Amino acid sequence: MIESGSSVVRFDRVQKSYDGETLVIKDLNLEIEAGEFLTMLGPSGSGKTTCLMMLAGFEPATHGEIYLNGRPINNVAPHRRDIGMVFQNYALFPHMTVAENLAFPLQVRRLSRADVQARVERVLHMVRLSGFGSRRPAQLSGGQQQRVAVARALVFEPALILMDEPLGALDKNLREEMQYEIKHIHETLGVTVIYVTHDQTEALTMSSRIAVFNDGVIQQLAAPSVLYEEPENCFVAQFIGENNRLQGTVESVDGAFCRVALDDGERVRALNVNVDGEREPTTLSLRPERVAIDPKGEAADNVVSGRVEELIYLGDHIRARLTVAGNDAFIVKVPNAQGHASLREGARVRLGWAAEDCRALDAPGTGSAPG
């Protein structure tokens with residue numbers, strides 16, 4: 001059981017089942033501190049949105065307790081939880097003006113007319129929509145409508161803001177613009193935000209911490225840089241950023257490192273992160289940018305051979321797809337400044353990387369459900 005502390009949100013052994021048999025959330029323990037921007041990230045059906053809906057009060061927990069500012073809220077009605085919500089479809093009232101949409105949650109709380117007007121003007125300025133108060137949602141662009149939705153969640157100064165895939169309906173450029181917009185609003189106000197997405201780039205860009213969900217379980221909870229650089233299992237390594245996987249068998253373990261025989265017989269040295277022991281199968285995780293082609297004079301603890309299958313020119317770098325130890329989807333990002341004019345499809349090349357950049361994780365197909 002989690003001890004009560006300064007957390008804004010606390011999930012204490014929370015479970016959720018829709019049919020009374022299958023758990024979509026499995027014994028969740030999670031604390032979210034004041035001012036955090038925590039993202040719940042995972043594929044469809046992983047449980048992240050269910051957690052948000054339970055916290056908002058739209059779904060009941062099957063077991064366990066949810067706390068908001070130290071107060072149990074399982075039996076508190078959604079409108080009494082002091083939580084702001086931002087949805088993917090904006091959920092604005094089409095017959096109301098922007099100002100009327102923003103005023104609505106304040107009027108429900110019976111604030112004075114002067115206070116309502118002051119708060120509406122303040123949040124419009126905050127989301128850079130001053131002067132748009134008299135327009136209706138249909139007269140706004142998608143990005144402007146989403147800013148209004150964010151402003152409506154902020155206007156009554158809630159203890160917590162929940163965002164459920166809020167940028168999913170926007171095009172790529174507008175989506176990226178709104179990512180920074182929401183991030184800057186969070187940094188300015190210091191409000192606590194819980195954000196749900198399946199987009200790992202979005203999560204890396206915006207979050208203080210990321211909870212990676214799969215099969216109703218948090219696989220890893222950490223800062224974006226830690227998730228990317230130090231994944232604890234195969235699922236996280238594969239879901240966060242681009243990742244090369246090589247299968248092999250552990251030959252020996254030496255403290256923090258281990259020696260692994262790859263499927264083609266080559267031996268490499270890797271960080272011992274999550275292996276079952278000697279003579280057991282393992283999956284090696286290696287980021288494409290950590291691999292060097294023809295590592296002459298470079299620090300490369302491991303050197304293996306590969307065959308170039310495809311080269312794609314991407315401006316600042318060349319994306320090379322190779323076959324390495326039976327994996328024909330091994331990716332190396334070659335910076336344009338390095339040249340490699342001799343690199344061509346069908347060529348045999350040597351690849352090198354440092355042992356600490358290669359993580360020995362759980363065996364293929366075993367899955368991982370920590371916690």
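On a predicted model such as this, the values are computed, not experimentally measured, just so you know. (Residues numbered from 1 in each chain as written. Predicted model: local features only at pLDDT ≥ 70, side-chain atom pairs only at ≥ 80, totals over all residues. Heavy atoms only, no water.)

**A few points about the environment of Arg136**
Inference 1: Relative to the elements of secondary structure, Arg136 occurs in the loop between α3 (113–126) and α4 (142–154).
Inference 2: Sequence separation of Arg136 and Pro231 is 95 residues, and the distance between their C-alpha atoms is 46 Å.
Inference 3: In this structure, Arg136 is in contact with Pro94, His95, Met96 and Thr97, ignoring residues within four places of it in sequence. (Helix = DSSP H or I, 4+ residues; strand = E, 2+ residues; numbered from the N terminus. Contact = heavy atoms within 4.5 Å.)

**Quick look at the sheet that holds strand β3 (residues 37–41)**
Inference 1: Read from one edge of the open sheet, 6 strands run β6-β7-β8-β3-β9-β10, paired in mixed fashion. Sheet topology places β6 (83–87) and β10 (217–222) at the edges, where each strand pairs with a single neighbour. Taken pair by pair, the neighbouring strands of this sheet meet at an average axis angle of 15 degrees, ignoring direction.
Inference 2: Where β3 and strand β9 (residues 209–214) come together, 4 bridges link them in parallel fashion. Residue pairing in the sheet places Thr39 in a bridge with Ile210 of β9.
Inference 3: Against the sheet, helix α1 (residues 48–56) makes contact with β3, β6, β7 (160–164), β8 (193–197) and β9, and its axis sits at roughly 145 degrees relative to β7, the strand it touches most. (Pairing = 2+ DSSP bridges. Axes fitted to C-alpha atoms, helices over the stretch in contact; angles between N-to-C directions.)

**Quick word on the nonpolar core**
Inference 1: Counting 35 residues, the largest nonpolar core has Leu102, Ile161, Met163 and Ile182 as the members making the most contacts within it.
Inference 2: Of all the elements in the fold, those that place two or more residues in this core are α2 (98–108), α3, α4, β7, α5 (172–189) and β8.
Inference 3: A per-element tally of this core places α4 first, with 6 residues.
Inference 4: Contact partners of Met163, with chain neighbours within four places excluded, come to Leu52, Val86, Val150, Ile182, Val193, Ile194, Tyr195 and Val196.
Inference 5: Leu30, Leu52, Met54 and Ile194 belong to the second-largest nonpolar core, a separate cluster that totals 29 residues. (Core = buried A, V, L, I, M, F, W, Y, C linked by side-chain atoms within 4.5 Å. Buried < 20%, exposed > 50% of the residue type's maximum accessible area, 1.4 Å probe, protein only.)

**Here's the deal with the domain arrangement of the protein chain**
Inference 1: When the domains of the protein chain are assigned, the result is domain 1 (7–229) and domain 2 (234–361).
Inference 2: Taking only C-alpha atoms into account, the centre of domain 1 sits 38 Å from that of domain 2.
Inference 3: On the side of domain 2, 10 residues touch domain 1, which itself brings 14 residues to the contact.
Inference 4: Approximately 1,100 Å² of surface area, both sides summed, lies buried where domain 1 meets domain 2, with 65% of it carried by carbon and sulfur atoms.
Inference 5: Contact with domain 2 buries surface across domain 1, with Gln200, Tyr228 and Glu229 losing the most and accounting together for 50% of the total. (Domains from an automatic or database assignment. Buried area = accessible area lost by both parts, 1.4 Å probe.)

**Description of unusual backbone geometry**
Inference 1: In this structure, Asp82 takes a positive phi of about 60 degrees despite not being glycine.
Inference 2: Of the residues examined, Asp82 reaches a relative accessible area of 32% and is grouped as partly exposed.
Inference 3: Even without being a glycine, Asp215 presents a positive backbone phi close to 55 degrees.
Inference 4: Mapped onto the elements, Asp215 comes out in the loop between β9 and β10.

**A word on the packing of α2 against α4**
Inference 1: Here α2 crosses α4 at 25 degrees, and the two axes come no closer than 8 Å. Accordingly, the angle class assigned to the pair α2 and α4 is roughly parallel. Taken as a pair, α2 and α4 cross one another with a handedness that is right-handed. Here Val98, Asn101, Leu102 and Pro105 of α2 lie close against α4, whose contacting residues are Val148, Ala151 and Arg152.
Inference 2: Looking at the contact of α2 with α4 residue by residue, the classes come out as 5 nonpolar, 1 polar and 1 charged. (Parallel < 35°, antiparallel > 145°, perpendicular 65-115°, else oblique. Left-handed = near helix turned anticlockwise from the far one by under 90°. Nonpolar A, V, L, I, M, F, W, Y, C, P; charged D, E, K, R; others polar.)

**Here's the deal with the layout of surface pockets**
Inference 1: Size it by volume and the largest pocket reaches roughly 580 Å³.
Inference 2: Along the walls of the largest pocket sit 19 residues, with His79, Ile83, Pro105, Arg109 and Phe156 positioned nearest its centre.
Inference 3: If you list the elements that add at least two residues to the lining of the largest pocket, you get β6, α2 and α4.
Inference 4: With 4 residues, the single largest contributor to the lining of the largest pocket is β6.
Inference 5: Grouping the constituent residues of the lining of the largest pocket by class yields 14 nonpolar, 2 polar and 3 charged. (1 Å grid on protein atoms, 1.4 Å probe; cavity = no way out; pocket = protein on both sides within 12 Å on 5 of 7 lines; lining within 4 Å. Points joined across faces, edges and corners; volume = space filled by probe spheres on them.)

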